[in-house]
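Understanding the architecture of this molecule
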Amino acid sequence: MRDNAGPPPHGHGTGASPDARPRGIGTRPGSGADQPAGPGADRAPRPVPDQAPRRDPDRTPHPVSLHPGAWWLWALSLGVAATRTGNPLLLALLVAVSAYVVATCRRPSPWSRSYAAFLKLALAVLLVRLVFAVTLGSPIPGTHVLVTLPELPLPDWAQGIRLGGRVTAESLVFALYDGLKLAALLICVGAANTLANPHRLLKSLPGALYELGVAVVVALTFAPHLIADVQRLRAARRLRGRPDTGLRGLLQVGLPVLEGALERSVALAAAMDARGYGRTAEVPAGVRRTTTALTLGGLLGVCAGTYGLLTAEGGTYGLPVLVAGLTAALAGLRLGGHRTPRTRYRPDRWTPRSLLVAGSGAAVAAAMSVAGVTDPAALNPGVVPLIAPALPLWPAAAVLLGLLPAFLAPAPKEPSP
């Protein structure tokens, strides 16, 4: 009598084949225990066609960012428009446009918090300009005397400068208009710093500026490490009961920070040298001379053209000289890039949205320049006699074109908890 506790011997018993296995072992997952295992039984089950793939709710699609150069072109164009007018209403409208675009398109990043600093800097510049107008006087004549300060006598070689004296309403209003122009320009630059990613902007530099871009990237990378080292060492000294303020504390904290920075720089230099940084290609001497001449001449042309655009006297030659200088400088940078053959990982592309953003700022600058020629009295209201400025309609409508980035590239909304 056979014992039923164990399996039958091989090839005997109830006619089971040698490949017989206990039920449920070697069968396809999810296909039932009665189905035997076949070829490919260990493969993963196929998904059901009518089932959509599951999506992680915590992961949101990353928005396509604009080219960082588009933000700088947009902001600098608004700054050029601010330099073409002294109307405080138009300047306030330019500041409001930049602030709205920053509030709408700003993303949570370390550099996006710089807009408030530029606002404070612009306010400080405006106050300094008013203080200079009060203490040093103004060439603008006026009849509305607000206060008379004691005037200090100056030597003969300081003619045209006074300390104290009469302070008129006309001189203060003129200083206010002038200070608002510079403040609006600073705020526009602050908008570019807030919206554009500096690392991506440095990565987009041409090959001729490759070494400069690497140096700036290294500096931007090492700065947070220095701040973290200072905080860590000060906390360690406080835990040990040692002073972390004053001259002694500064020396005791500064020397280890400097030592750590030198060690990191040496290690980084060795790593960069091992990876081929700093290698240059051989180019003919004629190409090098042409590159130098085009670059220097182009930069001089850019400076002269920018000066012409920023001044009323150079409005006729400013734009042609600026275009010629930019063309020569770009050609020089293009030739200079042959010395540093390199590739970019995922380079930023000029998408249609980036072109529209840059074009909206250029349209504002062009419209303001045309308005300055056709209606200069509306863009630069006089202060003698003292009158209230009026808001010109079509220049104000042109300024509103600068709001286009707020609708083309808004910041993604944070997912609700």
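Residues numbered from 1 in each chain as written. Predicted model: local features only at pLDDT ≥ 70, side-chain atom pairs only at ≥ 80, totals over all residues. Heavy atoms only, no water.

A word on the packing of aromatic side chains
Applying the stated rule across the entire model yields one aromatic pair. Residues W71 and W74 carry aromatic rings whose centres are separated by 6.0 Å and whose planes lie at 85° to one another, so their mutual orientation is edge-to-face. Residue W71 and its partner W74 are both found in helix α1 (residues 68–83); the two are separated by three residues, about one turn of the helix. (Phe/Tyr/Trp six-rings, centres within 6.5 Å; stacked < 30°, edge-to-face > 60°. Helix = DSSP H or I, 4+ residues; strand = E, 2+ residues; numbered from the N terminus.)

Examining the packing of α1 against helix α4 (residues 169–195)
Two measures define how a pair of helices packs: the angle their axes make with one another and the distance between the axes. Relative orientation of the contacting elements α1 and α4 amounts to 175°, with a least axis distance of 8 Å. As summarised for this structure, α1 and α4 are arranged roughly antiparallel, according to the angle between their axes. Contacts from W71, W72, W74, A75, L78, G79, A82 and T83 in α1 reach K181, A184, L185, C188, V189, A191, A192, N193 and L195 in α4. In terms of residue class, the contact of α1 with α4 is made up of 13 nonpolar, three polar and one charged. (Axes fitted to C-alpha atoms, helices over the stretch in contact; angles between N-to-C directions. Parallel < 35°, antiparallel > 145°, perpendicular 65-115°, else oblique. Contact = heavy atoms within 4.5 Å. Nonpolar A, V, L, I, M, F, W, Y, C, P; charged D, E, K, R; others polar.)

Some details on the environment of R334
Inspection of the secondary structure puts R334 in helix α9 (residues 318–336). Between the C-alpha atom of R334 and that of T291, which follows or precedes it by 43 residues, the distance is 8.4 Å.

Quick word on helix α2 (residues 88–105)
For α2, built from 18 residues, the straight-helix expectation of 26 Å at 1.5 Å per residue is met to within 8% by its first-to-last C-alpha distance of 26 Å. Looking at α2, one finds that the buried residues are P88, L90, L91, L94, V97, S98, V101, V102 and C105. The N-cap residue of α2 is N87: its side-chain oxygen and the backbone nitrogen of L89 are 3.0 Å apart. (Expected span 1.5 Å × (residues − 1). Buried < 20%, exposed > 50% of the residue type's maximum accessible area, 1.4 Å probe, protein only. Polar contact = N/O pair within 3.5 Å; in protein donor to acceptor, adjacent residues only side chain to side chain.)

A few points about the pairing of strand β1 (residues 145–152)
In terms of burial, β1 is largely open, as just zero of its eight residues are buried. Pairing of β1 with strand β2 (residues 163–168), which is carried by five bridges, proceeds in the antiparallel orientation. Bridged to L152 within β2 is L163. (Pairing = 2+ DSSP bridges.)

Some words on the nonpolar core
Residues W71, W74, L94, V101 and L195 are the most contacted members of the largest nonpolar core, which totals 36 residues. Of all the secondary-structure elements, those providing two or more residues to this core are α1, α2, α3 (115–135), α4, α10 (352–374), α12 (393–399) and α13 (404–408). If one sorts the elements of this core by residue count, α4 sits on top with eight residues. When sequence neighbours within four positions are dropped, the list of residues in contact with V101 reads W71, W74, R106, L195, G402, L403, P405 and A406. (Core = buried A, V, L, I, M, F, W, Y, C linked by side-chain atoms within 4.5 Å.)

Focus on the confidence of the model for the protein
The pLDDT averaged across the protein works out to 76; a share of 76% of its residues lies at or above 70. With pLDDT under 50 throughout, residues 1–44 is counted as low confidence; its partners more than four residues away or in other chains account for 18 contacts. (pLDDT = per-residue confidence, 0-100.)

Topic: the environment of E170
Looking at where E170 falls in the secondary structure, it is placed in helix α4. A relative accessible area of 3% means that E170 is categorised as buried. With residues up to four places along the chain from it excluded, the contact list for E170 reads I140, P141, G142, T143, H144, V383, V384 and L386.

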